[in-house]
Amino acid sequence: SPIRDEKVIASWNGLMISAFARGAQVLGEPSYAARAEKAADFIAWLENAKERFASAPDIKGKREVIQEIKTKWGEFVSGARANYKALKNPSTGSS
């Protein structure tokens, strides 16, 4: 499998969260603050899931954590895609 730099992925997430938080401050847009908070909560949840995976006593427990991560990650990606579309064309929320 390809090598992945976790620091870059974390950095991108941090930049996105920071951009939404700053946008909320500068533009006075509460929905941007909500997006920043939701993304930060997801990152915190994911870190907890990694710890639960590492401490799972058996393969069944690990599979359950993996399925939960896949589900949550899909939700996060769908939300990020919707945010991108809304920012690309604020009047309609589509591209």
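Residues numbered from 1 in each chain as written. Predicted model: local features only at pLDDT ≥ 70, side-chain atom pairs only at ≥ 80, totals over all residues. Heavy atoms only, no water.

### Regarding the overall build of the chain
For step 1, the next point in the chain: On a plain count of helices and strands, the chain comes out with 3 helices and 0 strands.
For step 2, the next point in the chain: Seen in sequence order, the chain has helices and strands lined up from the N terminus as α-α-α.
For step 3, the next point in the chain: A fraction of 37% describes how many contacts in the chain between residues 6 or more apart in sequence connect residues 24 or more apart.
For step 4, the next point in the chain: For the chain, the exposed area adds up to about 7,200 Å²; of that, 60% sits on carbon and sulfur atoms. (Helix = DSSP H or I, 4+ residues; strand = E, 2+ residues; numbered from the N terminus. Contact = heavy atoms within 4.5 Å. Areas by Shrake-Rupley, 256 points an atom, 1.4 Å probe, with all protein chains shown as cover.)

### Here's the deal with the packing of aromatic side chains
For step 1, the next point in the chain: Within the structure shown, the criterion is met by 2 aromatic pairs.
For step 2, the next point in the chain: One cation-aromatic arrangement involves Lys62 over Phe53; the distance from NZ or CZ to the ring centre is 4.6 Å.
For step 3, the next point in the chain: Cation over ring: Lys72 sits above Trp45, and NZ or CZ is 5.6 Å from the ring centre. (Phe/Tyr/Trp six-rings, centres within 6.5 Å; stacked < 30°, edge-to-face > 60°. Lys NZ or Arg CZ within 6 Å of the ring centre and 35° of its normal.)

### A word on the environment of Glu64
For step 1, the next point in the chain: Of note, Glu64 is situated in helix α3 (residues 59-88).
For step 2, the next point in the chain: Through-space distance from the C-alpha of Glu64 to that of Phe53 is 8.7 Å; in sequence the pair is 11 residues apart.

### What to know about the pattern of salt bridges
For step 1, the next point in the chain: Scanning the entire structure with this criterion turns up 2 salt bridges.
For step 2, the next point in the chain: We note a salt bridge from Glu64 to Lys60, for which the minimum N-O separation is 3.9 Å. Of this pair, Glu64 and Lys60 both sit in helix α3, 4 residues apart, roughly one helical turn.
For step 3, the next point in the chain: On the basis of relative accessibility, which here comes to 55%, the residue Lys60 falls in the exposed class. (Salt bridge = Lys/Arg side-chain N within 4 Å of Asp/Glu carboxyl O. Buried < 20%, exposed > 50% of the residue type's maximum accessible area, 1.4 Å probe, protein only.)

### Some words on the nonpolar core
For step 1, the next point in the chain: The biggest cluster of nonpolar side chains holds 12 residues, and these are Ile17, Phe20, Ala24, Tyr32, Ala36, Ala39, Phe42, Trp45, Leu46, Ala49, Val65 and Phe76.
For step 2, the next point in the chain: Looking at this core, the elements with two or more residues in it are α1 (6-27), α2 (30-55) and α3.
For step 3, the next point in the chain: It is α2 that contributes the most residues to this core, 7 residues altogether.
For step 4, the next point in the chain: The contact partners of Ala39, leaving out residues within four places of it in the chain, are Met16, Ile17 and Phe76. (Core = buried A, V, L, I, M, F, W, Y, C linked by side-chain atoms within 4.5 Å.)

### Structural notes on the confidence of the model for the chain
For step 1, the next point in the chain: In the predicted model, the chain carries a mean pLDDT of 77, and the fraction of residues at 70 or more is 77%.
For step 2, the next point in the chain: Here α3 stands out as the element of the chain with the lowest mean pLDDT, 77, in contrast to α2, whose mean of 84 is the highest. (pLDDT = per-residue confidence, 0-100.)

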